[in-house]
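# Coordinates in review
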Amino acid sequence: MSKRWYNEHRRDPWRKKAKSSGYRARSAYKLLQCQEKFQLIRKGDTILDVGCHPGGWSQVALELTGDSGRVLGIDLKPCEPIPGVELIVGDITDKKTQEKLLEMLDGQPINSIVSDISPGLTGQYEMDQAISLDLVCLLMDFAFPILNKGGSFVTKIFQGRGIEAAVEVAKQNFSKVQRFSPVASRNSSSETYLVCKNKLPRARGQEVDITVRDFVESSLAKEGFITGVEEESEPKESGKIGFTLHRARDD
Ligand SMILES: C[S@@+](CC[C@H](N)C(=O)[O-])C[C@H]1O[C@@H](n2cnc3c(N)ncnc32)[C@H](O)[C@@H]1O
């Protein structure tokens, strides 16, 4: 932990605010700021919070949806219980975890999927961005079909290659798509949030049977940032994801 990080962390107003308001993480303000701008969550909504540990976003989601709503939170790491939130430990890209979630929902429509998901960072930006993008694509592939018509989706995404393709797919599925950087995101941060509102009943102009992940991967391949997209003989092991980007060419 560097001295600079420690000093910034100590002075961070959002951290102090979160502590005094009883939020478990400063990131709670990022969701509050998304909500203030886009009104994503309404009273009575059913919400899925992806990458919920330690629970700041779930706390906010619960406040917004109220007693008549329902909040499910999922993370690789177990959270301390949050009264009123149904917590699941698991990998959102894992089929078994996805099935468990659907079982818990038992056909109940989801109004909003909020995701602050972030992979363990290596510190090498290009690699971290590629892993995060892959994670987001897999999340979109799971989330879009289970989200109710008119529903909203928000996810953290790191700026970089492949983002435009992910935004393009989002635009095929929602009537309003925007990138938004809440003020609670640190100034130095390259994270942004992809905010999608009003899920369309059917995707427009999308190639039949192509997943978000395949679409983004082929767009990266076309631009020459990854090697030819090969058929995978076996499904990827849970937790082992990430587009393998080439280093930037001449630019
Ligand atoms: C920035 S933290 C979330 C903070 C949270 N929004 C809050 O307010 O307390 C990102 C989380 O994403 C989780 N995560 C990363 N990959 C995941 C995956 N494949 N499935 C589920 N959670 C994942 C991490 O374990 C981490 O806890």
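Moving on: the site of the ligand. Surveying the vicinity of the ligand reveals 20 residues, the closest of which are S27, G56, D75, D91 and D116. In the environment of the ligand, an oxygen atom lies 3.2 Å from a nitrogen or oxygen atom belonging to the backbone of P54. For the ligand, an oxygen atom lies 3.0 Å from a polar atom in the backbone of W57. If the ligand stood free it would expose 600 Å²; the protein chains cover 89% of that surface.

Once that is clear, we can look at unusual backbone geometry. Cis geometry is adopted by the peptide bond preceding P54, which originates at H53 and carries an omega value of 5 degrees. The residue P54 is located in the loop between β1 (46-50) and α4 (56-65) in this model. Not every positive phi belongs to a glycine, and Q39 is a case in point at roughly 45 degrees. One can find Q39 in the loop between α3 (28-38) and β1. Despite not being glycine, D106 shows a phi value in the positive range, around 50 degrees. Positionally, D106 belongs in the loop between α5 (95-105) and β4 (110-115). D106 gets classed as exposed once you look at its relative accessible area, which sits at 67%.

Take the pairing of strand β7 (residues 191-199) next. In terms of residue burial, β7 counts as a mostly covered element, since seven of its nine residues are buried. Strand direction decides the pairing type here: strand β5 (residues 147-158) and β7, joined by six bridges, are antiparallel. If you follow F158 over to β7, its bridge partner there is E191. Bridge count between strand β6 (residues 174-180) and β7: six bridges; the pairing is antiparallel. The partner of V177 across the bridge, within β7, is C196.

Spatially, the seven strands line up as an open sheet ordered β3-β2-β1-β4-β5-β7-β6, and their pairing is mixed. Two strands close off the open sheet at either side, each with one partner strand: β3 (85-89) and β6. Direction aside, the axes of adjacent strands within the sheet are offset by 15 degrees on average. Where strand β2 (residues 70-75) lies against β3, five bridges are found, and the strand directions are parallel. Bridge pairing links L72 to E86 in β3. On top of the sheet, helix α6 (residues 125-146) reaches β1, β4, β5, β6 and β7; it is set at about 175 degrees to β5, its chief contact. Against the sheet, helix α7 (residues 163-173) engages β5, β6 and β7, with an angle of about 150 degrees to β6.

Averaged over all residues, the pLDDT of the protein is 88; the fraction at 70 or higher stands at 84%. Contacts for the low-pLDDT stretch residues 233-240, under 50 throughout, to residues beyond four places or in other chains number five contacts. Of the regions scoring below 50 in pLDDT, residues 246-251 engages in 12 contacts with residues more than four places distant in sequence or in other chains.

Here we take up the packing of α3 against α4. Contact geometry for α3 and α4: axes closest at 7 Å, N-to-C directions at 40 degrees. Overall, the two elements α3 and α4 adopt an arrangement that is oblique. Every pair of crossing elements has a handedness; the one defined by α3 and α4 is right-handed. Residues A28, K30, L31, L32 and Q35 of α3 pack against G56, W57, V60, A61 and L64 of α4. Grouping the constituent residues of the contact of α3 with α4 by class yields seven nonpolar, two polar and one charged.

Calculation criteria
- Residues numbered from 1 in each chain as written.
- Predicted model: local features only at pLDDT ≥ 70, side-chain atom pairs only at ≥ 80, totals over all residues.
- Heavy atoms only, no water.
- Near = heavy atom within 4 Å.
- Polar contact = N/O pair within 3.5 Å; in protein donor to acceptor, adjacent residues only side chain to side chain.
- Areas by Shrake-Rupley, 256 points an atom, 1.4 Å probe, with all protein chains shown as cover.
- Helix = DSSP H or I, 4+ residues; strand = E, 2+ residues; numbered from the N terminus.
- Buried < 20%, exposed > 50% of the residue type's maximum accessible area, 1.4 Å probe, protein only.
- Pairing = 2+ DSSP bridges.
- Axes fitted to C-alpha atoms, helices over the stretch in contact; angles between N-to-C directions.
- Contact = heavy atoms within 4.5 Å.
- pLDDT = per-residue confidence, 0-100.
- Parallel < 35°, antiparallel > 145°, perpendicular 65-115°, else oblique.
- Left-handed = near helix turned anticlockwise from the far one by under 90°.
- Nonpolar A, V, L, I, M, F, W, Y, C, P; charged D, E, K, R; others polar.

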